[in-house]
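Residues per chain, in single letters:
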Amino acid sequence: MDKAKAEERVKQLTKELREHNYRYYNEDSPTISDYEFDMLLKELESLEKEFPELADENSPTKRVGGEVTKNFETVKHKYPMLSLSNSYSKEELLEFDQRVQKILGREIEYICELKYDGVAIGISYKDGKIQRALTRGDGTQGDDITANVKTIRSVPLVLKGDYPNEFEIRGEIFYPLSVFRELNEKREAEGVEQLANPRNAASGTLKMQDSSIVAERKLDCFLYFVLGEELPFNEHLKNIEAAGTWGFKVPKEEKQLIRKCNSLEEVFSFINYWDEQRSSLDFEIDGVVIKVNNYNYQEELGFTAKSPRWAIAYKFKAEQVETRLDHISYQVGRTGAITPVANLEPVLLAGTTVKRASLHNADQIAKLDIREGDLVQVEKGGEIIPKVVGVNFSHRTSKSKPTEYISQCPECGTELIRIEGEAQHYCPNMWGCPPQIIGKMAHFISRKAMDIDGLGEETVAQLFEANLINDIADIYSLEKEDLLPLDRMAEKSVNNLLEGVEASKQIPFPRVLYAIGIRYVGETVAKKLAKHFKSMSAIRSASLEELIAVDEIGEKIAESIIAFFAEERNVELVDRLTAAGLQMELNEEESGPSSQKLEGNSFVISGVFERHSRDELKMLIEANGGKNTGSLSSKTNYLLAGDNMGPAKKEKAEKLGIQIISESDFEQMIG
Ligand code: IVH
């Protein structure tokens, strides 16, 4: 074929494939078979191979991914990505409606939609072509995951129809439940741990570096919010419908996925319908979103610091099912804490098969009188692990016996202890109980701690079992020769692991302090302690009083630190880590406030800012000797106000005579 002919055919095929793609993934009504589709795609592929100059960057052949992103770039959102305020009862919706009517002085039209339980995404388009896809991140800036999003078939790469030149569209990426189940079945067959729920799975997939793997995963995306300066309509629903004609997958009125409501009664009826019907959907929803339809009214209503005043989410109550409790098993965590687990007869709950549920602790079991063999109620809230919330006593047989909580560690046999005032039992054998040893090491290498590349929890367990590491300091004496003979340890992974270990020696002191795993010393506490004491040796020799004197360090934390260093083996461990070359002191830039310019001044931060995230502002306030507090009071000196700050806050600040400053005023203050 000559080039001119090829060009013609490429154009034709591209157009046809796009349309078939749209019909299949967005309309659910394909007009050709999968085989025919594949044939067309193959033809296009081979033409693009023969004439690479004809291959468009947004060609339908590009859906298979291939781009690898090492680190996702953080990009500022053009429009901040806010969240929605939640409501849990019809009364709260009534209040919402009254608020809206009071501000607008009239009844208005609402649009009801489903609240998709997935991963929020903002996709921008220019001249009909996809530009960039960002995750929500902190709302101000998100991760650029364009390469991965481009593999989702229901997201158009090139638009059709009469679209605006530039706009952003937001929606939710999710795993259809059928796909999610398939994925888990495959993992089960491979002996890999199951994915906890579709949302986390989707979020994990979207953060994969290799887009060709994402392309195989069959993610889907519903769009629910169009933003831009030149949108065709002044109403939400009309723009959503328009977006459908541009090629997006949007909720359809005829499928009851979106509805215009002229009264609260109609809103309630939409809610009731979906509360009952939601299990018929092939995706998870956790409620309904109610939006004011008209943009002028939306504008008039405005925003609070976190969410629009023109929309509200109504959250469904957690779904419950009954199933048989087969037996109770006990897990040992890294701190030795024992968690009782209910092993259930598998049951479908909110779209996933549940086999295990949390029982929390001995008190909970006693309080609910949960026994093996019982028919129990299992509930799934927002959390990953479902929980047992009650027992159906009418099905209990006379043979049933009250649960006797274990008194010895199921892993190492040590007598369990119970710390006064705590609900959980502990295995005190912290140096000899395998899950505790492995758990501590897994915590040490985790991302927020030492972040050791090439070393995951499974490898840690493998190294422990091979007797190569017994504590966190052993990680620094690993040698290539020890590792190479192990399973799954090729030269490349060994080098990678050892490089990761070496690189971790540069991890700053606060993270080292967090990594060594002193009970109650989380990330924030570690930062506070590091900032105050500046070195491990100073913390080690601090008295209880000195520790408590640090802002926000209470008795419980202080006692735990003292107890940690009272243990000879911990001292020795820290010494070995020091000798290995880990950072045991704050370096210059990290230490102390960089100035005292804000000393004695207290700040409240509100709204969204152009140049800094709220966390950065908080840090800057503290680094300059100021104090950051959550809410306005007579003690507040400044209200640092960004965009979208609610009028109520402004009013309150004015009433209290608090000075309202902008981001640039603040920058001037700290110079
Ligand atoms: S509209 C300004 N519509 O829920 C708010 N959000 O808790 C724009 N979500 O951030 C959001 N379904 O990730 C909107 N139909 C829907 C939604 C929806 C799910 C998510 C979204 C949002 C979060 C708020």
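These lines cover the structure that appears in this document, whether it is placed above or below. Computed from a predicted structure; not experimentally measured. (Residues numbered from 1 in each chain as written. Predicted model: local features only at pLDDT ≥ 70, side-chain atom pairs only at ≥ 80, totals over all residues. Heavy atoms only, no water.)

Observations regarding the nonpolar core
Nonpolar side chains tend toward joint burial in soluble globular proteins.
Inference 1: Counting 57 residues, the largest nonpolar core has Phe444 and Leu529 as the members making the most contacts within it.
Inference 2: Filtering out sequence-adjacent residues up to four positions away, Phe444 remains in contact with Ala449, Met450, Asp451, Ile472, Ile475, Tyr476, Ala515, Ile516, Leu577 and Leu582.
Inference 3: Core analysis: the second largest hydrophobic core is formed by 39 residues, Val119, Ile145, Leu157 and Phe180 among them. (Core = buried A, V, L, I, M, F, W, Y, C linked by side-chain atoms within 4.5 Å. Buried < 20%, exposed > 50% of the residue type's maximum accessible area, 1.4 Å probe, protein only. Contact = heavy atoms within 4.5 Å.)

Here's the deal with the packing of helix H1 (residues 3–25) against helix H2 (residues 34–50)
Inference 1: Running from amino to carboxyl end, H1 crosses H2 at an angle of 145°, the nearest separation of the two axes being 10 Å. Crossing hand, H1 versus H2: left-handed. Touching Ala6, Arg9, Val10, Leu13, Thr14, Glu16, Leu17, His20, Asn21 and Tyr24 of H1 are Asp34, Phe37, Leu40, Leu41, Glu43, Leu44 and Leu47, all from H2.
Inference 2: For the contact of H1 with H2, the per-class residue count stands at ten nonpolar, three polar and four charged. (Axes fitted to C-alpha atoms, helices over the stretch in contact; angles between N-to-C directions. Helix = DSSP H or I, 4+ residues; strand = E, 2+ residues; numbered from the N terminus. Left-handed = near helix turned anticlockwise from the far one by under 90°. Nonpolar A, V, L, I, M, F, W, Y, C, P; charged D, E, K, R; others polar.)

Observations regarding the site of the ligand
Inference 1: The ligand sits among 15 residues. The nearest are Glu113, Leu114, Arg136, Glu172 and Tyr224.
Inference 2: Within the backbone of Tyr116, an N or O atom sits 3.0 Å from a nitrogen atom of the ligand.
Inference 3: At a separation of 2.7 Å, an oxygen atom of the ligand approaches a polar side-chain atom of Arg136.
Inference 4: Going through the elements one at a time, strand E3 (110–116), strand E8 (220–227) and strand E10 (285–292) are the ones with two or more residues in the shell around the ligand.
Inference 5: Looking at the shell around the ligand element by element, the count peaks at four residues for E3.
Inference 6: For the shell around the ligand, the per-class residue count stands at nine nonpolar, one polar and five charged. (Near = heavy atom within 4 Å. Polar contact = N/O pair within 3.5 Å; in protein donor to acceptor, adjacent residues only side chain to side chain.)

Quick notes on the pairing of strand E13 (residues 338–349)
Inference 1: Where strand E12 (residues 319–332) lies against E13, seven bridges are found, and the strand directions are antiparallel. Bridge assignment links Ser329 to a residue of E13, and that residue is Val341.
Inference 2: The hairpin formed by E12 and E13 contains five residues between the paired strands, and Gly336 there has a positive phi angle of roughly 90°.
Inference 3: By the bridge criterion, six bridges tie E13 to strand E14 (residues 352–358) in an arrangement that is antiparallel. Residue pairing in the sheet places Asn343 in a bridge with Arg356 of E14. (Pairing = 2+ DSSP bridges.)

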